[in-house]
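Letter by letter, the chains look like this.
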Amino acid sequence: MAARSFLFVLGSSRPDGNTETLTRIAAEQLPTDTGQRWLSLRELPLPEFEDVRHPERRHAPPSGNAGTLLRATLDATDVVIASPLYWYSVSSSTKRYLDHWSHWLRTPGADFRRRMAGKTLWGVTALADSDPAVAEPLAGTLRISAEYLGMRWGGVLLGTGSKPGDVLSDTAATTRAKTFFS
C-alpha cells in the first residue's frame, strides 16, 4: 500500500480558529509516517475565478498561489477541506479554491480528473449552531465534488464553537476527531 499524504486546506478567515483546532486534533492521530502539508487560503489567496469555457479558450497553466495549490492537491492522497461553516456552506476562500478545480480540469497537462480519482476528500468544520443539520449544504458541496471527480468521500467532522477555543469544550467532537481519519 502506498504511503498516505494529507493536504490540509485551511479556509478560515482567522488563524487558529475552531475548525483548524479540530483539524489539528484529528491530524495528531495519523501515523507518524503519514505526510502532512498544511496550506492556508488566507496566506495563499487565489485570484477571482474566471470561467473561460465559452467560447472555448485555452487554460494557461496556473502560476503563483494557484500553481502551488494545484501541485499540492495533486501530490496528496487525501485532501482535507477545513472550512468553518459560513452562511451554511464553505467559506468564500474555500469556494474559490473549489472553483479553481474547474480551471484545473481544463489545464493542459494537469490531467486533474484522472489524478484526483481514487483520492479521498474529507471535510472538517466548526459551526456556531447546535443543530448539525445546518452543515448539510457544506457536507453536500464536498461530497458531490468528490463524487464528480471519482474520489472517495471520507465524511465531515463537525464541531461546535464560536469564539476561538470553544470547540475544545465540544467533547463529542474532540472524541470523534481522534478516530476520524482511521
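Residues numbered from 1 in each chain as written. Predicted model: local features only at pLDDT ≥ 70, side-chain atom pairs only at ≥ 80, totals over all residues. Heavy atoms only, no water.

**A few points about the pairing of strand E5 (residues 152-160)**
Consideration 1: Where strand E4 (residues 120-127) and E5 come together, eight bridges link them in parallel fashion. Its bridge partner lying in E5, Trp122 is registered against Gly155.
Consideration 2: Since E4 and E5 lie parallel, the crossover through helix H5 (residues 136-148) that links them has a hand, and here it is right-handed. (Pairing = 2+ DSSP bridges. Helix = DSSP H or I, 4+ residues; strand = E, 2+ residues; numbered from the N terminus. Right-handed = clockwise from strand over helix to strand, strands pointing away.)

**Comments concerning the packing of aromatic side chains**
Consideration 1: Applying the stated criterion across every chain, the model contains 12 aromatic pairs.
Consideration 2: Their ring planes at 65 degrees and their centres at 5.6 Å tell us that Trp104 and Phe112 sit as a pair that is edge-to-face.
Consideration 3: Its relative accessible area of 0% is what places Trp104 among the buried residues.
Consideration 4: Arranged with centres 5.1 Å apart and planes meeting at 65 degrees, the rings of Trp122 and Phe180 form a pair that is edge-to-face. Here the residue Trp122 occupies a position in strand E4, and Phe180 occupies one in the segment after helix H6 (171-177), the gap between them amounting to 58 residues. Neither Trp122 nor Phe180 differs from the other in exposure class; each is buried.
Consideration 5: One aromatic cluster is present, built from ring pairs that chain together Phe6, Phe8, Trp38, Trp122, Phe180 and Phe181.
Consideration 6: Positioned over the ring face of Trp38 is Arg24, at 3.9 Å from the centre of the ring. (Phe/Tyr/Trp six-rings, centres within 6.5 Å; stacked < 30°, edge-to-face > 60°. Buried < 20%, exposed > 50% of the residue type's maximum accessible area, 1.4 Å probe, protein only. Lys NZ or Arg CZ within 6 Å of the ring centre and 35° of its normal.)

**Focus on the pairing of strand E1 (residues 5-10)**
Put simply, side chains in a regular strand alternate between the two faces of the sheet.
Consideration 1: With five of six residues buried, E1 lies mostly within the body of the structure.
Consideration 2: Sheet topology places E1 next to strand E2 (residues 35-40); six bridges connect them, and they run parallel. Residue Val9 lies in a different strand from E2, and its bridge partner there is Leu39.
Consideration 3: At this point the chain moves from E1, through helix H1 (residues 18-27), to the parallel E2, and the crossover so formed is right-handed.
Consideration 4: For E1 and strand E3 (residues 78-82), the ladder comprises five bridges, and the chain directions are parallel. Counterpart to Leu10 in the pairing with E3 is Ala82.

Treat this as a map of the structure, not an account of what it does.
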